[in-house]
Amino acid sequence: MEDWTFRAEGVTKAFGEFLANDGITLEVRPGEVYGLLGPNGAGKTTLVKQVIGLLKPTSGSLTLGSYDLVEDPDAARQLCSYLPQAQMPIDSFKAHQVMALTGMIRGGDPETVRRRSDEMIEALDIGEWRDTLGAKLSGGIKRLVGFAMVTVWPGRVVILDEPTNDVDPRRRRLLWEQIRCLGDGGASVFLVTHNVLEAEKSVDRLAIINEGRLIAEGTPSSLKAEDRGRMRLQLMVVPGRATPEMPSFVHDHTRVGNNVIATIGEVDSAHAIGWAQELIGLGEAEEYALAATTLEDVYIRMTGHASEEVDAEVPA
Amino acid sequence: MTAGQALVTAPITIRSGAGHWLRSYAVMTRWELGSLRMFLPLIVALQVVVGGGFALGIGLFFDQMPTRNALYLSTGAAVVTLITVGLVLGPQLIGNHKTAGTYDFLWSLPVPRTSQAASWVTVNSVIALPGMVAALLIANWRYDLPLRLSLSIVPAVLLTIVSATMIGYAFAHAIRKPMVTQLITTLLIFVILGFAPINFPPENLPGWLADLNLYLPFYHMAVVMRGGLTEGLVTDVGISYLVLGMYTAASVAVAAWVVGRRD
């Protein structure tokens with residue numbers, strides 16, 4: 001029986017002097033939903049474009065089972081499905097037609113892909129738009145149709161680059177269920193995202209990539225191990241004010257816009273609340289929130305960037 | 001299987017061979033024609049208007065159009081409609097995919113690159129042929145031309161469409177920036193209409209430019225097409241077939257190399 005484990009070993013991709021990927025090594029087993037997290041420009045999309053054969057590594061290897069994906073890009077395209085970050089070229093097609101046609105291009109037989117298209121439409125709750133031309137669909141529904149196009153007849157590896165962009169919260173949940181189903185069906189799912197909070201709930205394992213390097217890898221809970229017994233204090237500084245001096249009980253902190261995110265020990269929670277209230281009283285801060293640490297805190301500490309969720313909270 | 005269950009059906013063996021190629025060609029042709037569905041009638045109508053309009057419009061420059069000139073103009077209009085689709089419209093459509101960000105998805109589809117190229121030639125033919133026929137019919141009605149259609153029009157049209165489409169396909173894929181593609185296509189229209197002996201005989205050009213055109217494909221496209229549409233208007237058709245055949249083979253080879261390479 002073929003072992004369909006995906007392996008990247010020492011993958012380096014240089015554009016002139018710039019290293020978009022620098023010696024990335026990782027392994028994804030069949031059935032795993034594997035997150036690739038990192039800030040914009042970290043090299044996530046460059047990595048997956050090499051998997052699907054759109055780019056060629058400068059050095060290193062990419063294999064899926066016995067197939068060398070670098071040497072055999074035809075095999076790579078047959079074995080891997082790819083949902084790019086950009087919108088799909090579906091303006092002239094009706095939703096169900098384009099899903100079935102893409103399924104046939106991917107090698108599926110017409111009857112099965114038609115049936116699968118209808119199942120995907122039902123599972124993603126987009127039946128209302130089944131016969132609507134792509135040009136008339138909203139961005140979120142287009143995104144869901146795009147997801148169905150690449151998974152109606154999925155490859156052994158399914159690469160999803162920011163699949164939830166523009167999708168409403170209810171259908172996001174349905175989309176995550178389908179992503180989970182892909183893994184349950186035996187596919188290796190590569191999930192490229194910078195939405196850490198969503199990824200934390202959905203991936204089996206993840207890698208954090210920053211400036212082309214893989215800087216951390218593991219399950220969400222293993223990556224948070226260092227933060228056990230810690231809390232996150234989020235402080236909204238009054239716009240224009242400097243970051244307040246941190247008390248000694250703060251382990252580390254990052255400022256994103258007017259948000260200061262500090263990590264503290266659970267035992268210091270009362271001190272932290274008192275300090276935050278004092279800052280509000282002095283007019284230096286507007287509000288604060290104390291919560292359990294998330295993968296987001298690990299991500300911020302490692303990359304120095306907040307994910308899109310925190311960015312969205314930062315006032316302009 | 002019920003809704004919500006994933007189907008993992010990636011091939012155990014990689015598809016290859018003639019059957020896979022033909023199937024891929026068929027579905028990609030459906031894809032390309034489907035992608036243009038909203039605009040296809042408009043594009044074809046435009047080609048018909050341009051082809052016929054060109055043959056009529058240039059005639060307005062003259063009080064009396066000598067038959068020989070009318071033959072050059074009319075057959076030239078047919079050639080221009082054929083080659084501008086492959087060399088101008090096709091590259092612009094590919095450039096649009098790059099601008100819109102949809103290029104990566106199309107390029108990640110699991111079909112042989114050559115079947116994608118062949119479906120592109122088919123779609124270009126569907127767009128170009130009605131314009132060519134319209135140009136000839138309208139010109140024949142207007143100038144009462146002594147056209148003599150022969151079977152050699154089939155290979156002439158085939159070589160002209162394939163070479164023009166593959167040259168356009170190759171540079172549109174090779175050039176990263178769509179804006180550069182746009183500029184090149186604009187330059188090509190200028191060269192094709194004004195400085196290639198398509199709508200007029202090569203004697204009308206300065207000697208050096210006529211000589212230069214012997215090494216470019218446009219003149220030879222016009223010669224083989226005239227060979228299939230007229231009698232006695234052009235000579236040395238065999239040499240033009242040879243040159244155009246070499247251009248066609250080279251353009252297919254270069255296109256195959258361009259689409260097969262990866263950065």
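Keep in mind that this is a model prediction, so the values were computed, not measured.

What counts, and where the lines are drawn
Residues numbered from 1 in each chain as written. Chains lettered and ligands numbered in written order. Predicted model: local features only at pLDDT ≥ 70, side-chain atom pairs only at ≥ 80, totals over all residues. Helix = DSSP H or I, 4+ residues; strand = E, 2+ residues; numbered from the N terminus. Rg over C-alpha atoms; globule rule 2.2 N^0.38 Å. Buried ≥ 20, exposed ≤ 12 C-beta atoms within 10 Å, placed from the backbone. Contact = placed C-beta atoms within 7 Å. Nonpolar A, V, L, I, M, F, W, Y, C, P; charged D, E, K, R; others polar. Pairing = 2+ DSSP bridges. Axes fitted to C-alpha atoms, helices over the stretch in contact; angles between N-to-C directions. Parallel < 35°, antiparallel > 145°, perpendicular 65-115°, else oblique. Left-handed = near helix turned anticlockwise from the far one by under 90°. Expected span 1.5 Å × (residues − 1). Core = buried A, V, L, I, M, F, W, Y, C linked by C-beta atoms within 7 Å. Domains from an automatic or database assignment. pLDDT = per-residue confidence, 0-100.

J.: Which residues make up the overall build of chain A, and what are the values?
T.: Assigned secondary structure in chain A consists of eleven helices and 14 strands. Here the C-alpha atoms of chain A give a radius of gyration of 22 Å, agreeing with the 20 Å that 2.2 N^0.38 yields for 316 residues. Each principal axis of the C-alpha distribution contributes one length, and for chain A these read about 70 × 45 × 35 Å. Looking at the 316 residues of chain A, the share that counts as buried comes to 47%. Relative to all contacts within chain A whose residues are 6 or more apart in sequence, the contacts with residues 24 or more apart total 71%.

J.: Give a detailed account of the overall build of chain B, specifying residues and quantitative values.
T.: Tallying secondary structure elements over chain B gives ten helices and zero strands in all. Sequence-ordered secondary structure for chain B, helices as α and strands as β, is α-α-α-α-α-α-α-α-α-α. For 263 residues, the compact-globule estimate of 2.2 N^0.38 gives 18 Å, and chain B sits close to it at 20 Å. Its C-alpha atoms give chain B principal-axis dimensions of roughly 75 × 35 × 35 Å. Sorting the 263 residues of chain B into buried and exposed places 42% on the buried side. Of the contacts formed within chain B by residues at least 6 apart in sequence, a portion of 81% connects residues at least 24 apart.

J.: Any chance you could break down the interface of chain B and chain A for me, citing the residues and the numbers?
T.: Opposite the 36 residues of chain B that make contact, chain A presents 42 residues. Of all elements in the fold, only helix H1 (17–35) and helix H4 (103–107) of chain B reach the threshold of two or more residues within the side of chain B that touches chain A. Here the element with the most residues in the side of chain B that touches chain A is H1 of chain B; it accounts for six residues. The residue inventory of the side of chain B that touches chain A, partitioned by class, reads 21 nonpolar, nine polar and six charged.

J.: Talk me through the sheet that holds strand S1 (residues 6–15) of chain A; I want residue IDs and the actual numbers.
T.: Within a sheet, neighbouring strands are paired by backbone hydrogen bonds and run either parallel or antiparallel to one another. Residue and element names in this part refer to chain A. One open sheet accounts for four strands, arranged S2-S1-S4-S5; its pairing is antiparallel. Edge positions in the open sheet fall to strand S2 (18–28) and strand S5 (67–68), since each of these has one partner strand only. Both strand S4 (residues 59–64) and S5 contribute to a ladder of two bridges, which runs antiparallel. Its bridge partner lying in S5, Thr 63 is registered against Asp 68.

J.: Give a description of the packing of helix H3 (residues 95–105) of chain A against helix H5 (residues 139–151) of chain A that names residues and reports values.
T.: Residues and elements named next belong to chain A. Between H3 and H5, the shortest axis-to-axis distance is 7 Å and the interhelical angle comes to 25°. In terms of orientation, H3 and H5 fall into the roughly parallel class. Between H3 and H5 lies a crossing of right-handed hand. Across the interface between the two elements, Ala 95, Val 98, Met 99 and Thr 102 of H3 pack against Val 145, Ala 148 and Met 149 of H5.

J.: I'd like a rundown of helix H6 (residues 153–174) of chain B, residues and numbers included.
T.: Between the first and last C-alpha of H6 of chain B there are 31 Å, a value that for 22 residues agrees with the 32 Å anticipated at 1.5 Å per step. Burial runs high along H6 of chain B: 17 of the 22 residues are buried.

J.: Requested: an account of the pairing of S2 of chain A, with residues and values cited.
T.: Within a regular strand, the side chains alternate between the two sheet faces. All names here are of chain A. By the bridge criterion, seven bridges tie S1 to S2 in an arrangement that is antiparallel. Looking at S2, one finds that Arg 7 is bridged to Glu 27. Connecting S1 to the next strand, S2, in antiparallel fashion are two residues, including Gly 16 with a positive phi near 65°.

J.: An account of the nonpolar core is requested, with residue identities and associated values reported.
T.: Val 51, Val 157, Ile 159, Val 189, Phe 190 and Leu 191 of chain A are the most contacted members of the largest nonpolar core, which totals 100 residues. Shared between two domains, this core holds at least three residues of each, these being domain 1 (6–223) and domain 2 (225–293) of chain A. Other than its neighbours up to four places away in sequence, Leu 191 of chain A contacts Val 33, Tyr 34, Gly 35, Leu 36, Leu 160, Ile 179, Ala 199 and Val 203 of chain A. Ranked by size, the runner-up nonpolar core spans 60 residues in total, among them Leu 93, Val 121, Val 157 and Ile 192 of chain B.

J.: Report on the confidence of the model for chain A, specifying residues and quantitative values.
T.: Of all residues in chain A, 96% have pLDDT values of 70 or greater, and the mean over the chain is 91. The model gives residues 309–316 of chain A a pLDDT under 50, and that stretch makes 15 contacts with residues more than four places away or in other chains.

J.: Lay out the sheet that holds strand S13 (residues 259–265) of chain A with the relevant residues and their values.
T.: Residues and elements named next belong to chain A. Reading across the sheet, the four strands line up as S12-S13-S11-S14 and stay open at both edges, with antiparallel pairing between neighbours. Lying at the two open borders of the sheet, with one neighbouring strand each, are strand S12 (250–256) and strand S14 (285–292). Adjacent strand axes in the sheet meet at a mean angle of 20°, parallel and antiparallel pairs treated alike. The sheet contact formed by S12 and S13 spans six bridges and is antiparallel.

J.: Account for the environment of Ser 66 of chain A, naming residues and giving values.
T.: Residues and elements named next belong to chain A. Take Ser 66: it is sitting in the loop between S4 and S5. Looking at Ser 66, the number of C-beta atoms within 10 Å reads 9, which means it is exposed. When the C-alpha atoms of Ser 66 and Glu 2 are compared, they prove to be 7.8 Å apart, with 64 residues separating the residues in sequence.

J.: Explain the packing of H3 of chain A against H1 of chain B to me, using residue names and the numbers behind them.
T.: Where H3 of chain A meets H1 of chain B, the closest approach of the two axes is 9 Å, and the angle between their N-to-C directions is 150°. It follows that H3 of chain A is roughly antiparallel to H1 of chain B by the angle criterion. The chirality of how H3 of chain A crosses H1 of chain B is left-handed. In contact with Leu 101, Met 104 and Ile 105 of chain A of H3 of chain A, H1 of chain B contributes Val 27, Met 28, Arg 30, Trp 31 and Gly 34 of chain B. Here the residues of the contact of H3 of chain A with H1 of chain B sort into six nonpolar, one polar and one charged.

J.: Before we move on, can you summarise H5 of chain A with the specific residues and values?
T.: Residue and element names in this part refer to chain A. For H5, built from 13 residues, the straight-helix expectation of 18 Å at 1.5 Å per residue is met to within 8% by its first-to-last C-alpha distance of 18 Å. Counting buried residues along H5, eleven of its 13 residues qualify, which places the element largely inside the surrounding structure. Of the residues making up H5, those classed as buried are Ile 141, Lys 142, Arg 143, Leu 144, Val 145, Gly 146, Phe 147, Ala 148, Met 149, Val 150 and Thr 151. The secondary structure elements touched by the buried residues of H5 are strand S6 (80–83), H3, helix H4 (110–123), strand S7 (157–161) and helix H6 (169–184).

J.: Describe the confidence of the model for chain B, naming the residues involved and giving the relevant values.
T.: With 95% of its residues at a pLDDT of 70 or more, chain B has an overall mean of 91. Both confidence scores are given for the complex: pTM 0.87, ipTM 0.88.

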